[in-house]
Amino acid sequence: MSRTPVNVTVTGAAGQIGYALLFRIASGQLLGPDVPVRLRLLEITPALKAAEGTAMELDDSAFPLLSGIDITDDPNVAFAGTNVALLVGARPRTKGMERGDLLEANGGIFKPQGKAINDHAADDVKVLVVGNPANTNALIAQAAAPDVPAERFTAMTRLDHNRALTQLAKKTGSAVSDIRRLTIWGNHSATQYPDIFHAEIAGKNAAETVNDEAWLADDFIPTVAKRGAAIIEARGASSAASAANAAIDHVHTWVNGTPEGDWTSMAVPSDGSYGVPEGIISSFPVTTSGGSYEIVQGLEINAFSRTRIDASVQELSDEREAVRALGLI
Ligand SMILES: NC(=O)c1ccc[n+]([C@@H]2O[C@H](COP(=O)([O-])OP(=O)(O)OC[C@H]3O[C@@H](n4cnc5c(N)ncnc54)[C@H](O)[C@@H]3O)[C@@H](O)[C@H]2O)c1
Ligand SMILES: O=C(O)C[C@H](O)C(=O)O
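Residues numbered from 1 in each chain as written. Chains lettered and ligands numbered in written order. Predicted model: local features only at pLDDT ≥ 70, side-chain atom pairs only at ≥ 80, totals over all residues. Heavy atoms only, no water.

*Asks:* Looking at this model, I keep getting lost on the overall build of the chain. Mind explaining?
*Replies:* A count of helical and extended segments in the chain gives 11 helices and 14 strands. Computed over its C-alpha atoms, the radius of gyration of the chain comes to 19 Å, within 12% of the 20 Å expected for a compact globule of 329 residues. Reported as C-alpha extents along the three principal axes, the dimensions of the chain are approximately 55 × 45 × 40 Å. Counting across all 329 residues of the chain, residues that qualify as buried make up 52%. In the chain, of all internal contacts separated by at least 6 residues, the share reaching a separation of at least 24 is 73%. Of the roughly 14000 Å² that the chain leaves accessible, carbon and sulfur atoms contribute 49%. Across the chain, the centroid of the 27 positively charged side chains sits 3 Å from that of the 39 negatively charged ones. (Helix = DSSP H or I, 4+ residues; strand = E, 2+ residues; numbered from the N terminus. Rg over C-alpha atoms; globule rule 2.2 N^0.38 Å. Buried < 20%, exposed > 50% of the residue type's maximum accessible area, 1.4 Å probe, protein only. Contact = heavy atoms within 4.5 Å. Areas by Shrake-Rupley, 256 points an atom, 1.4 Å probe, with all protein chains shown as cover. Lys, Arg positive; Asp, Glu negative; His and termini not counted. Charge placed at Lys NZ, Arg CZ, Asp CG, Glu CD.)

*Asks:* Is there a simple way to explain the site of ligand 2 in this structure?
*Replies:* Neighbouring ligand 2 are the residues Asn132, Leu159, Arg163, His188, Gly228, Ile232, Ser238 and Ser239. In the model, an oxygen atom of ligand 2 is placed 2.8 Å from a nitrogen or oxygen of the arginine 163 side chain. At a separation of 2.7 Å, an oxygen atom of ligand 2 approaches a polar side-chain atom of serine 239. Of all the elements in the fold, those that place two or more residues in the shell around ligand 2 are α6 (158-172) and α9 (227-235). Residue composition of the shell around ligand 2, grouped by class: two nonpolar, five polar and one charged. (Near = heavy atom within 4 Å. Polar contact = N/O pair within 3.5 Å; in protein donor to acceptor, adjacent residues only side chain to side chain. Nonpolar A, V, L, I, M, F, W, Y, C, P; charged D, E, K, R; others polar.)

*Asks:* Honestly, the pairing of strand β2 (residues 37-42) in this entry has me stumped. Any pointers?
*Replies:* Sheet faces and side chains relate simply in a regular strand, where the side chains alternate between the two faces. Here β2 lies mainly inside the structure; five of its six residues are buried. Sheet analysis places strand β1 (residues 6-11) next to β2, joined by six bridges and oriented parallel. Following the sheet pairing, valine 6 is matched in β2 by valine 37. With helix α1 (residues 16-26) bridging β1 and its parallel neighbour β2, the resulting β-α-β unit is right-handed. Pairing geometry for β2 and strand β3 (residues 66-72), over six bridges, is parallel. (Pairing = 2+ DSSP bridges. Right-handed = clockwise from strand over helix to strand, strands pointing away.)

*Asks:* Hey, could you run me through the UniProt feature "domain: Lactate/malate dehydrogenase N-terminal" (unreviewed entry) in the chain in this one?
*Replies:* In this structure's numbering, the residues bearing the UniProt feature "domain: Lactate/malate dehydrogenase N-terminal" (unreviewed entry) are residues 7-146. As annotated, residues 7-146 has a helix share of 43% and a strand share of 19%, and its two end C-alpha atoms lie 21 Å apart. (UniProt positions renumbered as here; feature names shortened; annotations may be inferred.)

*Asks:* Which parts of the structure should I look at to understand the site of ligand 1?
*Replies:* In the vicinity of ligand 1, 23 residues are found, and the nearest of them are Gln16, Ile17, Glu43, Val130 and Asn132. Take glutamine 16: an N or O atom from its main chain is 2.9 Å from an oxygen atom of ligand 1. Against a free-state accessible area of 870 Å², the protein chains account for coverage of 81% of ligand 1. Taken together, the residues that form the shell around ligand 1 break down as 12 nonpolar, 10 polar and one charged. Lining the shell around ligand 1 are residues from two domains, each supplying at least three of them: domain 1 (6-155) and domain 2 (157-322). (Domains from an automatic or database assignment.)

Pasting the structure below:
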């Protein structure tokens, strides 16, 4: 291994997603088959032993690209020199918890982590927030890191993007690899809007190919938007391997670029594009190149899409107001 290892921090490393994610990072699927990685695992103190168990299994896998593993319950240590930060650990909603309680509990996690990233991460740090509510958790972390360029803080809607690809492929009898330019707009929540009006299937417009607005409104959109809840209902636990897969996809695309003529979906700080209020972390169509991303510009938004984008963006604005009122941003 001649290259300096890339430091990758994973929070919530002993959780379900962590277990599905770490082995794929160590095998080179996150950054590439020639990029050595050093893993930093952050957990809460009671879960350190479980994280150590996972680290033992990582050792036992003898991954040629894995140059070392550090385990800690201190964010300042976990984010020291980190190049890629995957913020997975979060406080789940429990019975009787109001939305405000959930945001406040997560503020207690993401604010100090944002500050630790601000104070200790490498200059080129890229942050992906997976832990829910992902968009607003990313906003909280970003607000606590004024010295890090805001655009380095992103949240994950790639799982929604991948879910939408498969639903559309099934409906049209095509392969997921035939589909390009699909977009998830807004929040990683049930208000998200999977948009196929600019998508193409084997070069033909997807909405025209489907030609079934009732299916779009009553089947496709709710199936994608409520898929997380459907998985919880079926498994008794939230999606883990598919979420880890999407996290790998998100960072891999961010670092290595989108294919020519295609784009992906990432929740990123809005620059005001498409009427989305500046600063909220909302999902957009983005292209990536050379380790940076750009929001795709100039798409025509029809009335069907406008209503749905606005509804999801309104939810994000409300979440921003709620965390502002709690003093979290
Ligand atoms: N954005 C998405 O598409 C998406 C998809 C699936 C799941 N999720 C979310 O990802 C999160 C993790 O899911 P999971 O199934 O791995 O949950 P999990 O409960 O199995 O694991 C979470 C882990 O985070 C740890 N943790 C809690 N607070 C922490 C802190 N302050 N610092 C470090 N670690 C901490 C816990 O100890 C636990 O090990 C959840 O919020 C879930 O809702 C998001
Ligand atoms: O953890 C959840 O609430 C669901 C998760 O965000 C998912 O989309 O699978």
